[in-house]
Amino acid sequence: MNAIQSALHPAGDHAALTARLFHLFLSVTGFFFLLVLVFLGWALWRRDRGGDNERRLRITVVIWAMLITAGLFGLTIGSYLTDRGLFFTGAGEEPIRLKVTGRQWWWEVEYSAAADQSQHIVTANEIHLPLGRPAHIELVADDVIHSLWIPNLAGKQDLIPGRPADLELRPRQLGRFRAQCAEFCGLQHAHMALDVVVETPEQFAAWAAKSRQPAPIPQTDAQKRGFAIVTGSQCSACHAITGTDAFGTVGPDLTRVASRFTLAAGELPDTRAWLDRWIADPQAIKPGNRMPKVPLTDAQRHDVVAYLETLK
C-alpha cells in the first residue's frame, strides 16, 4: 500500500524520469562516499608508516579531482536530459485538460472543453485520468500558497495566489494513487490530500459521461426529506449539486460525493457512519475548516445522509 504515494514507484512518464535522475544522483554520490571511506581507512593505516608519501599524495589528488569532475559532469548531463525529457513528454498529443484549485483545506477539480461547456465537470478531492494519455493540469490557489505533489506520477508544483502554474503528466499504470499538498498552508495542511484514479480510456469515458449528468432524483421519503433540507438550508449556500437549487461555491461540489473514496480531502473513508459524524460536527474532526456545525436533529441528519448517499 505504501507504493500509492512513493516517488520510488513511478507510474507515469514524468515520475519515471525523476526517479531515474534520483537513482543517478544516489549512485554517483554513494560511489564518492564509499571512496572517501576507503581513503580514510587507507590514511589511518598508513599514518605510522614511513616512506615518500608526497608523490603518492600528488597523484591521489589529481585522480580525485578528475573523478569529481567526471561525476559532476555526469550529474549535469543527467539533469539536462531529464529536464528535456519532462518538457517533451506528451509533445504532439492532445492532452486531457483540467484545472485544480487549492483551498484551505481541499481541492476543487474541473474538467472543461472550451468548445462545449456541456462537457464541463466539477468534482472535489479526486482526479480521474485515462491510462496512457497526457494530462495538462492548470494550477490555481485562491487563498494561500499550496503545492500539488503526486509522487507516483509527477513532481511538486506550487500554487501561488495570483500566479497561474501548470503541471503535465502521463500515467502508465492503472490504479489509485495519493496526492498531497506539499507546502504548509495552515492548520490542516497535513490533512489535504486527494485521490488520483488512473483508469482505462473506456472506464474514464464512462465516469466522465456519468459525471456530466444531473444528480439523481430522490426516491424514498427519507431521501426526499434530506433533499429538502440540503437544498433549502445553508447547505445550498456553500455546496453545489447539479440539477438542483444548490449553487454554492464555498465548499466542494456534492453532485457525486457518494462515489468518492474519501471525505474531507482524504481525512475520512466515504462511508455512511463517517458521513453522519462529519455532518454532526465537522470542526471536531478537522478543526479550522470552513464548514460550520449545522444545527440538525438526529432524524434530520439521518435524512440528509440518506439523500447524500444517492449522489453517485
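Residues numbered from 1 in each chain as written. Predicted model: local features only at pLDDT ≥ 70, side-chain atom pairs only at ≥ 80, totals over all residues. Heavy atoms only, no water.

*Asks:* Teacher, can you tell me more about helix 6 (residues 272-280) here?
*Replies:* Three or more residues of helix 6 are buried, namely L275, D276, W278 and I279. The arc that holds every buried residue of helix 6, seen down its axis, measures 165°, which confines them to one face. Lining the buried residues of helix 6 we find strand 11 (262-263), strand 12 (268-269), helix 7 (282-285) and helix 8 (298-308). (Buried < 20%, exposed > 50% of the residue type's maximum accessible area, 1.4 Å probe, protein only. Helix = DSSP H or I, 4+ residues; strand = E, 2+ residues; numbered from the N terminus. Arc of directions from axis to C-beta. Contact = heavy atoms within 4.5 Å.)

*Asks:* Even after reading the chapter, I still don't get the sheet that holds strand 5 (residues 135-141), so can you show me in this structure?
*Replies:* Sheets are built from strands that pair by backbone hydrogen bonding, the pairs being arranged parallel or antiparallel. Spatial ordering of the open sheet is given by 3-2-1-5-8, a layout of 5 strands whose pairing is mixed. Across the chains shown, the open sheet's two edge strands, defined by having one partner strand only, are strand 3 (121-124) and strand 8 (165-169). Averaged over all pairs of adjacent strands, the angle between their axes in this sheet comes to 25°, without regard to strand direction. In this structure, strand 1 (residues 96-103) lies alongside strand 5, joined through 7 bridges in parallel fashion. Considered in strand 5, the bridge of L98 is made with I137. This element, helix 3 (residues 201-211), spans strand 1, strand 2 (106-111) and strand 3 of the sheet and lies at about 100° to strand 3. (Pairing = 2+ DSSP bridges. Axes fitted to C-alpha atoms, helices over the stretch in contact; angles between N-to-C directions.)

*Asks:* Explain the confidence of the model for the protein chain to me, please; I cannot follow it from the model alone.
*Replies:* Per-residue confidence for the protein chain gives a mean pLDDT of 90, with 93% of residues at or over 70. Ranking the elements of the protein chain by mean pLDDT puts helix 2 (residues 54-88) last with 83 and strand 4 (residues 126-130) first with 97. (pLDDT = per-residue confidence, 0-100.)

*Asks:* Whenever I open this one, the nonpolar core confuses me. Can you help?
*Replies:* Most often, soluble globular proteins keep nonpolar side chains buried together rather than apart. If you look at the biggest cluster of nonpolar residues, it comprises 33 residues, and the most contacted ones within it are L98, Y111, I127 and L148. Contributing elements (two or more residues each) for this core: strand 1, strand 2, strand 4, strand 5, strand 8, strand 9 (175-181), strand 10 (193-199) and helix 3. Looking at this core element by element, the count peaks at 4 residues for strand 5. Sequence-distant contacts of L98, that is, excluding residues within four places in its chain, are made with V109, E110, Y111, I127, L129, A135, H136, I137 and E138. Counting residues in each nonpolar core, the second largest holds 20 residues, with L263, L268, V304 and L308 among its members. (Core = buried A, V, L, I, M, F, W, Y, C linked by side-chain atoms within 4.5 Å.)

*Asks:* How should unusual backbone geometry be read in this particular structure?
*Replies:* What you tend to see is this: most non-glycine residues have negative phi, and most peptide bonds are trans. For the peptide bond that leads from Q104 to W105, omega is -5°, which places it in the cis range. Assignment of secondary structure puts W105 in the loop between strand 1 and strand 2. The phi angle at N125 is positive, at roughly 60°, despite the residue not being glycine. Structurally, N125 can be placed in the loop between strand 3 and strand 4. One non-glycine residue, A265, adopts positive backbone phi at about 55°. Following the sequence through the fold, A265 ends up in the loop between strand 11 and strand 12.

*Asks:* How do you make sense of the sheet that holds strand 4 when you look at a structure like this?
*Replies:* Reading across from one edge, 4-10-9-6-7 is the order of the 5 strands in this open sheet, with mixed pairing throughout. With one partner strand each, in any of the chains shown, strand 4 and strand 7 (157-159) form the two edges of the open sheet. The sheet shows a mean angle of 25° between the axes of neighbouring strands, direction not considered. Alignment of strand 6 (residues 146-149) against strand 7, held across 3 bridges, turns out to be antiparallel. Following the sheet pairing, L148 is matched in strand 7 by Q157. Sheet strands in contact with helix 3 are strand 4 and strand 10, and its direction is about 135° off that of strand 4.

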